[in-house]
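The residues making up each chain are set out below.
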Amino acid sequence: MQHTVYDFNSVVKKNNGSIPLTYQKFLSLVSDVQVKDIIQISKGVSDECKASDYDSQGYDIPSLEEFGVNESELSECKYPGGESEGLKRLDVYMAKKQWVCNFEKPKSSPNSIEPSTTVLSPYISHGCLSAKLFYHKLKQVENGSKHTLPPVSLMGQLMWREFYYTAGSGTENFDKMVGNSVCTQIPWKKNDAHLKAWAEGKTGYPFVDAIMRQLKQEGWIHHLARHMVACFLTRGDLWISWEEGAKVFEDFLLDYDWSLNAGNWMWLSASAFFYKYYRVYSPVAFGKKTDKDGLYIRKYVPELKKYPSEFIYEPWKAPKGVQKTAGCVIGEGYPNRIVDHDKVHKDNIQKMNSAYKVNKEKKAMKRPRQ
DNA sequence: CATTATGTTGCGAAA
DNA sequence: GTTTCGCAACATAAT
Ligand SMILES: Cc1cc2nc3c(=O)[nH]c(=O)nc-3n(C[C@H](O)[C@H](O)[C@H](O)COP(=O)(O)OP(=O)(O)OC[C@H]3O[C@@H](n4cnc5c(N)ncnc54)[C@H](O)[C@@H]3O)c2cc1C
């Protein structure tokens, strides 16, 4: 039994003992692997395996009340747990043949009010939904029809998961920078005030704050929303270690997964797998592409609800009068920006540049010419 | 060994 | 309005 579609040990073996460092390389390694059918378990627990008190309620999952949680104080549960819910969700999406066959991840929206991707991740991460079952259902839906391809297709998404599992399983200290052979060493700085502002959704950048608040409230945010806030915390704006961000994600993501979280954080911080560090997300421009009027911001940062669309992504630019009319003065009802993106992101590109230089020199030292 | 093609998903100014 | 280029050159895999 395994948690992945492919056996990552044999993938690594096939690659002469080292992990594939690119997605395309990974795909080529698994291209001729026949994925076995899933095992159907239809029977219940057989009688001889049942303890004498099998039917007693003593082994039931404790209720929220027993954990000391007052259910009425919780916000709506958007993604209820369990296998039945996971299978139901899988069925809903697999029934949309057109949608699956046209799926292109980079074109999906990070800030739609309802998720633009499947949100199967919490179920897959918790073992409520088998990655192999997802694989076979997807093959079935794609079969015979024209469809998009990895990396952008829905199947491609599942392959990203396989890719990161392979990398994570074959790399020491994969969830850290130090001692991690695939991770570029970058001199991140500690800044507890900035880290706290980021984690609480109080950076003063409405799009970033909306995403962090959705994460806290609902436990799931879109992949590109993760890009936005991960870039902002690390190489884009705050220059704080990706490990700090990963810890916050671990606390709040319903779909938290050791390999996927660490791997994607390294990607976003241009520490591994992705290297074009001058591609920096703008907290003002990025969200506008898919949500010009900032409806998403208005939902998760309600103090800005009444702002005109012109200023919803950069409320500090609104004249005082407009701020007052909208019922929220910047610096009082909503925080001032903790950094100036236009300035710091340029400085940070320079810092990335020198970090890469140092790394290159170190690598050259380690492997002198034979 | 050197060279070259490729890479999920940036942005903003210039042409 | 659309395409191209700068950021300043990235790493990896293939040849
Ligand atoms: C900084 C950062 C941290 C992340 N941390 C996690 C995490 O802890 N757990 C987690 O499951 N995903 C993580 N992801 C990956 C990705 O964002 C989520 O898997 C995806 O958004 C889940 O939504 P979905 O099920 O609707 O995805 P879909 O687009 O519907 O994809 C289907 C499935 O493919 C897999 N998948 C999709 N995208 C990725 C990806 N980039 N990498 C690996 N597998 C992927 C997931 O299992 C997902 O359920 C992270 C991404 C970033 C940028």
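The notes below deal with the structure included here. These numbers were taken from a predicted model, which means no experiment stands behind them.

Should their charged atoms come close, side chains of opposite charge can pair. In this structure the tally under the stated criterion is 16 salt bridges. A salt bridge links E218 to K78; the nearest nitrogen and oxygen atoms lie 4.0 Å apart. Linking E218 in helix α9 (residues 206-218) with K78 in the loop between α2 (23-30) and α3 (83-94), this pair joins segments that are 140 residues apart in sequence. The exposure class of E218 is buried, given its relative accessible area of 11%.

Attention now moves to the protein's contact with DNA strand C. Taken together, L21, T22, K25, Y275, Y278, Q350, N353, Y356, K360 and K363 form the complete shell of residues around DNA strand C. Backbone atoms, meaning sugar and phosphate, make up 75% of the atoms of DNA strand C lying within 4 Å of the protein. Here L21 contributes a backbone N or O atom positioned 3.5 Å from a phosphate oxygen of DNA strand C. K360 is positioned such that a nitrogen or oxygen atom in its side chain is 2.4 Å from a phosphate oxygen of DNA strand C. For the surface near DNA strand C, the leading source of residues is helix α16 (residues 341-366), giving five residues.

Turning to the packing of α9 against helix α10 (residues 223-236), a few remarks are in order. The geometry of α9 relative to α10 is characterised by a closest axis approach of 10 Å and an angle of 115 degrees between their N-to-C directions. Considering the angle they form, α9 stands roughly perpendicular to α10. For the pair α9 and α10, the crossing hand works out as left-handed. Contacts from F207, V208, I211 and M212 of α9 reach α10 at A225, M228, V229 and F232. In terms of residue class, the contact of α9 with α10 is built from eight nonpolar, no polar and no charged.

The next thing to look at is the site of the ligand. Among the 31 residues in the neighbourhood of the ligand, the closest are listed as T117, T118, V119, H223 and D255. Contact distances for the ligand include 2.9 Å between an oxygen atom and a side-chain N or O atom of K105. One of the side-chain nitrogen or oxygen atoms of W220 is found 3.1 Å away from an oxygen atom of the ligand. The protein chains hide 99% of the 830 Å² of surface that the ligand would expose on its own. Breaking the shell around the ligand down by element, the ones donating at least two residues are α5 (121-125), α7 (154-169), α10 and α12 (258-268). When residues in the shell around the ligand are grouped by element, the largest group, six residues, is from α7. Partitioned by chemical class, the residues of the shell around the ligand number 17 nonpolar, nine polar and five charged.

What counts and how
- Residues numbered from 1 in each chain as written.
- Chains lettered and ligands numbered in written order.
- Predicted model: local features only at pLDDT ≥ 70, side-chain atom pairs only at ≥ 80, totals over all residues.
- Heavy atoms only, no water.
- Salt bridge = Lys/Arg side-chain N within 4 Å of Asp/Glu carboxyl O.
- Helix = DSSP H or I, 4+ residues; strand = E, 2+ residues; numbered from the N terminus.
- Buried < 20%, exposed > 50% of the residue type's maximum accessible area, 1.4 Å probe, protein only.
- Near = heavy atom within 4 Å.
- Polar contact = N/O pair within 3.5 Å; in protein donor to acceptor, adjacent residues only side chain to side chain.
- Axes fitted to C-alpha atoms, helices over the stretch in contact; angles between N-to-C directions.
- Parallel < 35°, antiparallel > 145°, perpendicular 65-115°, else oblique.
- Left-handed = near helix turned anticlockwise from the far one by under 90°.
- Contact = heavy atoms within 4.5 Å.
- Nonpolar A, V, L, I, M, F, W, Y, C, P; charged D, E, K, R; others polar.
- Areas by Shrake-Rupley, 256 points an atom, 1.4 Å probe, with all protein chains shown as cover.

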